[in-house]
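For reference, the chains in residue letters:
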Amino acid sequence: MLDLHGHSNRNNIFIYGCAAKFWRGGPDAGDPPEPLHEQVLPFLLAQQHDAFSFGGSHFRVQRCKESSGRVVAWRECKVPFSYTVEGSLAGTDIGGRAGRHFAPRDLEAFGADLCRALLAFLRARADPARHAALVTEIQALQPEGEDAGAESNGSNDSSSDDDVVDPSDRGDGRARRR
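So, how was this worked out
Residues numbered from 1 in each chain as written. Predicted model: local features only at pLDDT ≥ 70, side-chain atom pairs only at ≥ 80, totals over all residues. Heavy atoms only, no water. Helix = DSSP H or I, 4+ residues; strand = E, 2+ residues; numbered from the N terminus. Buried < 20%, exposed > 50% of the residue type's maximum accessible area, 1.4 Å probe, protein only. Areas by Shrake-Rupley, 256 points an atom, 1.4 Å probe, with all protein chains shown as cover. pLDDT = per-residue confidence, 0-100. Contact = heavy atoms within 4.5 Å. Core = buried A, V, L, I, M, F, W, Y, C linked by side-chain atoms within 4.5 Å. Axes fitted to C-alpha atoms, helices over the stretch in contact; angles between N-to-C directions. Parallel < 35°, antiparallel > 145°, perpendicular 65-115°, else oblique. Nonpolar A, V, L, I, M, F, W, Y, C, P; charged D, E, K, R; others polar. Phe/Tyr/Trp six-rings, centres within 6.5 Å; stacked < 30°, edge-to-face > 60°. Pairing = 2+ DSSP bridges.

Caption draft 1: Geometry of the overall build of the protein. The helix and strand tally for the protein stands at four helices and three strands. N-terminal to C-terminal, the α/β element order of the protein is β-β-α-α-β-α-α. The burial tally for the protein puts 46% of its 178 residues in the buried class. For the protein, the exposed surface amounts to about 8,800 Å²; the carbon and sulfur share of it is 52%.

Caption draft 2: Layout of the confidence of the model for the protein. With 75% of its residues at a pLDDT of 70 or more, the protein has an overall mean of 80. The least confident element of the protein, judged by mean pLDDT, is helix 2 (residues 69-75) at 88; the most confident is helix 1 (residues 40-48) at 96. Under a pLDDT of 50 for its full length, residues 147-178 has, in the predicted model, 96 contacts with residues more than four places off or in other chains.

Caption draft 3: Molecular detail of the nonpolar core. Of all hydrophobic cores here, the largest spans 24 residues; its most connected members are Val 40, Leu 45, Phe 52 and Phe 110. Going through the elements one at a time, strand 2 (13-16), helix 1, strand 3 (83-88), helix 3 (104-126) and helix 4 (128-141) are the ones with two or more residues in this core. Per-element accounting of this core gives the leading share, six residues, to helix 1. With residues up to four places along the chain from it excluded, the contact list for Phe 110 reads Ile 13, Leu 45, His 49, Phe 52 and Val 85. Grouped together as the second largest cluster of nonpolar side chains are eight residues, Cys 18, Ala 19, Phe 22 and Trp 74 included.

Caption draft 4: Quick look at the packing of helix 1 against helix 4. Relative orientation of the contacting elements helix 1 and helix 4 amounts to 80°, with a least axis distance of 10 Å. Our classification of the angle between helix 1 and helix 4 gives roughly perpendicular. Seen from helix 1, the contacting residues are Val 40, Phe 43 and Leu 44; seen from helix 4, they are Arg 130, His 131, Leu 134, Val 135, Glu 137, Ile 138 and Leu 141. Its residues assigned to classes, the contact of helix 1 with helix 4 comprises seven nonpolar, one polar and two charged.

Caption draft 5: Spatial organisation of the packing of aromatic side chains. One pass over the structure, following the stated rule, counts three aromatic pairs. A ring pair is formed by Phe 14 and Tyr 16, whose centres lie 5.6 Å apart and whose planes are at 75°; its orientation type is edge-to-face. Judged by its relative accessible area of 3%, Tyr 16 falls in the buried class. Centroid distance Phe 81 to Phe 121: 5.0 Å. Interplanar angle 80°. Geometry classified as edge-to-face. Here Phe 81, found in the loop between helix 2 and strand 3, pairs with Phe 121, found in helix 3; they are 40 residues apart in sequence, far enough to count as distant.

Caption draft 6: Local environment of the pairing of strand 3. Burial within strand 3 is extensive, with six of its six residues counted as buried. Relative to strand 3, strand 1 (residues 2-7) runs parallel, the two being bridged by six bridges. By the bridge assignment, His 5 is partnered in strand 3 with Glu 86. Where strand 2 lies against strand 3, four bridges are found, and the strand directions are antiparallel. In the strand pairing of strand 3, Ile 13 is matched with Gly 87.

Rendered as structure tokens:
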């Protein structure tokens, strides 16, 4: 599930997702999600679109967000990959669009790249070796000592100006691919 939003407090495009460690078990809960698997789609998206910040994406489930669409879909409806995609109303400070607001054509380009990333994600899910390789790449990006799957950059799942993201770090450690 993808819930698309505008954001006014941070630059770039980023994702809020649900890390496996926040899964609540129970008789009808099903198997818990695999750690870091929720980060594969955002990781692939960062390779597709230069204004998307993987390092600015968060996967924590805070108590105040438990009634949000992504968390309800993930926990109660068992949607394994449930995300809120946030596009900044202030534009981006990374990639080829740095320093300017998004124009309609930029958002259309993001939509096309999101579709390409979704296709790459579905292909990776169908190829266990490829999917495992992507999870291994993501795991290598986790800060040492970080609980795998909790966060991509140690920040929290909020919309405050307190979120500090290094604008030069897309968080994927890789060049943009087409």
